[in-house]
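Structure assessment
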Amino acid sequence: DLLERLMEAGLVTEILQGGVKKFLVQPPAKIQLLIAEREKSLAEATQVVRELQETYDQKRVSAKPRLQLFEGRAELQQMMKDLLLYRDITVRACWPINKMMKLLSPEFMTAFHKERAARNITLRVIWPSAQLSTLKAYPFLNSSVELKREARVAPREVDFSLGYSIYKSTVRFISSSNENFGFLVESAELARLMQAQFDIMWKVSKQIK
């Protein structure tokens, strides 16, 4: 089966010699040619995607508010990746970190935040004071310029188990593992409202060094 896949890719050829079937590896020059062809195809595909993105963004601006529902760990992880469609933006989040780590898994969150930082997506996050013990176990949650994260702790009397994030015109809500659901709302008005509420909370929250 592996040889058939290699032949389909043009990396191996099949010959019959003395009634015996043999497989020969293509020379490196042929492999370089195949790579160049793939690169050309990818470049053309990338250009098409750029053109589609422009049309998509125009339609999205004029579209009515949209709601998407997600349930279960796998779907919620995919919902989180919606943020990674963007670059060079700031995200605001109220995030019950301990509960979200259990729900989404440390492995996923590690890879997610690595990709977020690589895309120059800055995170301003507020954590409940009762869940800060999680921070010691996972260094990638530190507040730093390199990790593109500025974190604060909500006042002790403010606790929450449902988290939300605001970016562009999207608000993302996600519950704890007790309810195991989440939803995305694309609405410029809702995003502005939630951002205003976040900014008020941000002012009364304590900075983490």
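Because the structure is predicted, anything quoted here is derived from the model rather than measured. (Residues numbered from 1 in each chain as written. Predicted model: local features only at pLDDT ≥ 70, side-chain atom pairs only at ≥ 80, totals over all residues. Heavy atoms only, no water.)

What to know about a nonpolar patch on the surface
- Together, L3, L6 and F23 line one region of the surface with nonpolar side chains, adding up to about 220 Å² of accessible area.
- Inspection of the secondary structure puts L3 in helix α1 (residues 2-8).
- Judged by relative accessible area, which is 37%, L3 ranks as partly exposed. (Patch = residues over 30% accessible without salt bridge, like charges linked within 9 Å, V, L, I, M, F, W, Y side chains within 5 Å. Areas by Shrake-Rupley, 256 points an atom, 1.4 Å probe, with all protein chains shown as cover. Salt bridge = Lys/Arg side-chain N within 4 Å of Asp/Glu carboxyl O. Helix = DSSP H or I, 4+ residues; strand = E, 2+ residues; numbered from the N terminus. Buried < 20%, exposed > 50% of the residue type's maximum accessible area, 1.4 Å probe, protein only.)

Details of the environment of S161
- Looking at the secondary structure, you find S161 in the loop between β6 (149-153) and β7 (163-167).
- Judged by its relative accessible area of 36%, S161 falls in the partly exposed class.
- Taking the C-alpha atoms as reference points, S161 and I97, separated by 64 residues in sequence, lie 8.9 Å from one another.
- Those residues in contact with S161 that lie beyond four places of it in its chain are P96, K99, M100, S175 and S176. (Contact = heavy atoms within 4.5 Å.)

Overview of the pairing of strand β1 (residues 12-17)
- Sheet analysis places β1 next to strand β2 (residues 20-25), joined by six bridges and oriented antiparallel. Across the sheet, the residue bridging to T13 is L24, located in β2. (Pairing = 2+ DSSP bridges.)

Quick notes on the sheet that holds strand β8 (residues 170-174)
- Strand order in this open sheet of eight strands is β3-β9-β8-β7-β4-β5-β6-β10, and the pairing throughout is mixed. Because the sheet does not close on itself, it has two edges, and the strands there are β3 (66-71) and β10 (206-207).
- As paired elements, β3 and strand β9 (residues 181-186) share six bridges and run antiparallel to each other. Counterpart to F70 in the pairing with β9 is G182.

Observations regarding the packing of aromatic side chains
- A complete count under the given rule lists six aromatic pairs for this structure.
- A ring pair is formed by Y164 and F173, whose centres lie 6.1 Å apart and whose planes are at 45°; its orientation type is tilted. Judged on exposure class, the residue Y164 and its partner F173 are both buried.
- Look at F198 and W202: their rings are 5.6 Å apart centre to centre, the planes differ by 25°, and that puts the pair in the stacked class. (Phe/Tyr/Trp six-rings, centres within 6.5 Å; stacked < 30°, edge-to-face > 60°.)

Description of the pattern of salt bridges
- Overall, the coordinates contain four salt bridges when judged by the stated rule.
- For the salt bridge of E14 with K21, the shortest nitrogen-to-oxygen distance reads 3.7 Å.
- Relative accessible area serves as the criterion here: at 41%, E14 is assigned to the partly exposed category.
- A salt bridge links E115 to R119, with the nearest nitrogen and oxygen atoms 2.8 Å apart.
- R119 gets classed as buried once you look at its relative accessible area, which sits at 18%.

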